[in-house]
Structure formats: structure tokens, C-alpha cells
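Descriptive structure summary
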Amino acid sequence: MQTPDEIIHQPVRLKIMAALNTLGPNQWLEFVSLRAIVKTTDGNLGAHLVTLESALYVRIKKDFAGKKPRTRICLSTCGRDAFARYVATLHAILAIDSLGPEDDGASIPPNNNQ
């Protein structure tokens, strides 16, 4: 069985990749918007973006909007492909056939915390 991509699997990076995957190819999302979606700090988001950029999963563009600095992020083609593989791997792990023959859930204990 395949294992999920460890770079994407980290929760904050998964949120980043999922958010960027909703955009079309070559569409950019501003850092402040991504930070609001992911609900993390500037430093934490920046560190995760460095990891994703090093893996070539995202492209980062720094420029100015007037006199104000602006950072924008885009999912690369490689990143889009990696995210699709990651999702496919999760689907394979969760597939009914992967639970084993004739597993009807009877071996799962009931949830008594209701």
C-alpha cells in the first residue's frame, strides 16, 4: 500500500495545498488571504511555504502593490500533481476493499460517548 506524501501530510501544509488547489492553474493567492484560510501565524505559514517551495510544490512571488510589499503563492504543476496523488492515496487507503474480506464493521466497538 502506498503511503501519503509526508511533505503534504502535515496538517498546515495539507490546508495550504487544498486551498491553492481550488484555484485554477497560474492563479495566485495573497499571503494574507492564505493565512486567514489556514488560520495560522505569519511565521508558521512562512515556514511551511518554504518547505513546499523547496519541494517545488508552490511558487512564491514577492512584489509591490504601489509602495506596499505583497507576497503571492501559486500551486505549481508539480504541486498540483503531487496533491492529486496524495488525494488518490487517501482514497485507496479508505476504499472499502482495503478493509478486508467481508468486514461489515461488526468488529468496531460502539461509541458509548453519545
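Report on the accompanying structure.

Criteria and thresholds
Residues numbered from 1 in each chain as written. Predicted model: local features only at pLDDT ≥ 70, side-chain atom pairs only at ≥ 80, totals over all residues. Heavy atoms only, no water. Helix = DSSP H or I, 4+ residues; strand = E, 2+ residues; numbered from the N terminus. Buried < 20%, exposed > 50% of the residue type's maximum accessible area, 1.4 Å probe, protein only. Contact = heavy atoms within 4.5 Å. Core = buried A, V, L, I, M, F, W, Y, C linked by side-chain atoms within 4.5 Å. Axes fitted to C-alpha atoms, helices over the stretch in contact; angles between N-to-C directions. Parallel < 35°, antiparallel > 145°, perpendicular 65-115°, else oblique. Left-handed = near helix turned anticlockwise from the far one by under 90°. Nonpolar A, V, L, I, M, F, W, Y, C, P; charged D, E, K, R; others polar. Pairing = 2+ DSSP bridges.

What follows is about the overall build of the chain. A tally of helices and strands in the chain yields five helices and three strands. Its helices and strands taken in sequence order, the chain reads α-α-β-α-α-β-β-α from the N to the C terminus. Split into buried and exposed, the 114 residues of the chain put 26% on the buried side. Long-range contacts, defined as pairs at least 24 residues apart, comprise 57% of the intrachain contacts of the chain with a sequence gap of at least 6.

Moving on: the environment of Leu23. The topology assignment puts Leu23 in the loop between helix H2 (11–21) and strand E1 (29–30). Put simply, Leu23 and Leu75 are 52 residues apart on the chain and 8.2 Å apart in space, counted from C-alpha to C-alpha.

Ranked by internal contacts, the top residues of the largest apolar core, which has 21 residues, are Ile16, Met17, Leu20 and Leu34. The set of elements that each furnish at least two residues to this core consists of H2, helix H3 (31–38), helix H4 (42–54), strand E3 (68–75) and helix H5 (77–94). Excluding residues within four positions of it along the chain, Leu20 makes contact with Leu29, Val58, Ile73, Leu75 and Arg80.

Right, let's get into the packing of H2 against H5. For the pair H2 and H5, interaxial distance at closest approach is 10 Å and the crossing angle is 115 degrees. If you check the angle between H2 and H5, you find them roughly perpendicular. Seen along the crossing, H2 lies across H5 with a hand that is left-handed. Listed contacts from H5 to Leu14, Met17, Ala18, Leu20 and Asn21 of H2 are Gly79, Arg80, Phe83 and Tyr86. Of the residues in the contact of H2 with H5, the class split is six nonpolar, two polar and one charged.

All right, on to the sheet that holds strand E2 (residues 58–65) then. Pairing between the strands of a sheet is mediated by backbone hydrogen bonds and can be parallel or antiparallel. Reading across from one edge, E1-E3-E2 is the order of the three strands in this open sheet, with antiparallel pairing throughout. Both outer strands of the open sheet, E1 and E2, are each paired with one neighbouring strand and no more. In this structure, E2 lies alongside E3, joined through eight bridges in antiparallel fashion. Its bridge partner being in E3, Val58 is matched across the sheet by Leu75.

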